[in-house]
Amino acid sequence: MTVSLPRLSSPRRALLLGAPAVLAAGRASAQEVTLRLHHFLPAVSNVHRHFLQPWAQKVQQESNNRLRIQIFPAMQLGGAPPQLYDQARDGVADIIWTLPGNTPGRFPSIEVIELPFVAHKRASVNARVVQQLHDEVFASEFRDTRILCAWAHDAGVIHARRAVNRMEDMAGLKLRFPTRQAGEALRALGAAPIGMPIPQVPEALAQGVIDGAVVPWEVVPAIRLHETLRNHTQFAGSPTFYTASFVLAMNRAKYDALPADLKAVVDANSGQAAATMAARVWDEQGPSVETMVRRRANNSIVELDEAETRRWAAATQPVIDAWVRAMSERNIQGGALLERARALIAQYGQGVA
């Protein structure tokens, strides 16, 4: 027996035929994405534990577990630290954390915060300044990735085999430096600067390639610097001897491919919000590390007074002058950029001890 089915009206037929498309759209809106974040420090480092992990967890939570970030520390995806930015550009990694200073001269404008005795001693101030300058000036230099945030650390510290109590004690010291401008400053002070990524420092010390390093307190435990070097020199007041800038960069195509709602989650955890979150690592962990080092029997911490600090600043002024001239040759208004950076440091640093 043949059963005749009722003929559907055109609107009802269209509704049923369209149902798969509606379901597909629903599945697309609930798309789940996993991103790979690559960086150069070990998983025990303060940056990994107190910034990158909490940041990734925050993104996952705010996306209702649809956007997951898998972190690969210590260059687990291969390559060397100076290659990290290109890994984000080329899609080897989806997100990277790195120092622009690992590729000297490639991102010239951000070097303004790395000039000697320009940056504030607090990362909270430097982070706000660098992120704002990125939005105003630097963005074009990083256009082949999407910068999620940019910032700089707190006061730089000299860690060495012998005591550094005055500028003359720098003569001939082979010191690792993180950025081109820090290297030029060390040279102006009589030291013998040697550039290398942080992971290479322990072996370089063991082999006598270097006599010490300039790094902030925060990174000291990750490379066990307090166990190999007993002399630590810091500076009175602000600005600080040096800082290094950082970026959290994302592959642009990967960002563009995200659904709109997941882009919104990434955007909400980018810019000043993320830079401020990053800065807390240095401002909170740095003092704790310094206290730990002070308690060690064989470690000595010297703080140069304001008069001695002014001598160092005067000796490194030619480094600033040379940078301004070099920027002019690259059609960058270095003098104006330096003035803007100092104005922002004064603005954001007002009342910050």
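Scroll up to find the structure.
Residues numbered from 1 in each chain as written. Predicted model: local features only at pLDDT ≥ 70, side-chain atom pairs only at ≥ 80, totals over all residues. Heavy atoms only, no water.

J.: Can you tell me about the overall build of the protein, naming the residues and giving the values?
T.: What the protein contains, in helices and strands, is 12 helices and 11 strands. With respect to the principal axes defined by its C-alpha atoms, the protein has extents near 105 × 45 × 35 Å. Counting every position in the protein, which comprises 353 residues, the buried fraction comes to 52%. In the protein, 77% of the contacts between residues at least 6 apart in sequence involve partners at least 24 apart. Working note: accessible area of the protein is about 15900 Å², and carbon and sulfur atoms make up 50% of it. (Helix = DSSP H or I, 4+ residues; strand = E, 2+ residues; numbered from the N terminus. Buried < 20%, exposed > 50% of the residue type's maximum accessible area, 1.4 Å probe, protein only. Contact = heavy atoms within 4.5 Å. Areas by Shrake-Rupley, 256 points an atom, 1.4 Å probe, with all protein chains shown as cover.)

J.: Pulling in residues and values, what's your account of the packing of aromatic side chains?
T.: By the definition in use, this model includes 15 aromatic pairs. Through a chain of ring-to-ring contacts, the aromatic side chains of Phe40, Phe51, Trp97, Trp151, Phe246 and Trp282 assemble into a single cluster. A cation over a ring is seen here: Arg146 above Tyr255, with NZ or CZ 3.9 Å from the ring centre. (Phe/Tyr/Trp six-rings, centres within 6.5 Å; stacked < 30°, edge-to-face > 60°. Lys NZ or Arg CZ within 6 Å of the ring centre and 35° of its normal.)

J.: I'd like a rundown of unusual backbone geometry, residues and numbers included.
T.: Residue Pro239 is bonded to the preceding Ser238 through a cis peptide linkage, with omega at 10°. Considering the arrangement of structural elements, one finds Pro239 in the loop between β9 (231–235) and β10 (245–250). Positive phi is not limited to glycine here, since Met75 has a value of about 60°. Checked against the element boundaries, Met75 lands in the loop between β2 (67–72) and α3 (84–90). The buried category is assigned to Met75, whose relative accessible area is 11%.

J.: So what about empty space enclosed by the protein? Which residues, and what values?
T.: Applying the stated criterion across every chain, the model contains four cavities of 30 Å³ or more. Of the pockets and cavities examined, the largest cavity occupies roughly 130 Å³. Along the walls of the largest cavity sit 18 residues, with Leu99, Ile198, Pro216, Val219 and Phe246 positioned nearest its centre. In the lining of the largest cavity, the residues fall into 15 nonpolar, one polar and two charged. Estimated volume of the second largest cavity: approximately 50 Å³. (1 Å grid on protein atoms, 1.4 Å probe; cavity = no way out; pocket = protein on both sides within 12 Å on 5 of 7 lines; lining within 4 Å. Points joined across faces, edges and corners; volume = space filled by probe spheres on them. Nonpolar A, V, L, I, M, F, W, Y, C, P; charged D, E, K, R; others polar.)

J.: Could you give me a rundown of the pairing of strand β6 (residues 174–177), with the residues and numbers involved?
T.: As paired elements, β6 and strand β7 (residues 192–195) share four bridges and run parallel to each other. From the neighbouring strand, Lys174 faces β7, where its bridge partner is Ala192. For the handedness criterion, the β-α-β arrangement of β6, helix α5 (residues 180–188) and β7 is classed as right-handed. Examined bridge by bridge, β6 and strand β8 (residues 212–215) share two bridges and lie parallel to one another. Bridge pairing in β8 links Leu175 to Gly212. (Pairing = 2+ DSSP bridges. Right-handed = clockwise from strand over helix to strand, strands pointing away.)

J.: Before we move on, can you summarise the sheet that holds strand β5 (residues 157–160) with the specific residues and values?
T.: What the six strands build is an open sheet, ordered β7-β6-β8-β5-β9-β11; its pairing is mixed. The outermost strands of the open sheet, each flanked by one partner alone, are β7 and β11 (300–304). Averaged over all adjacent pairs, the angle separating strand axes in this sheet is 25°, with direction ignored. Where β5 meets β8, four bridges bridge the pair, whose relative direction is antiparallel. Across the sheet, the residue bridging to Ala160 is Gly212, located in β8. (Axes fitted to C-alpha atoms, helices over the stretch in contact; angles between N-to-C directions.)

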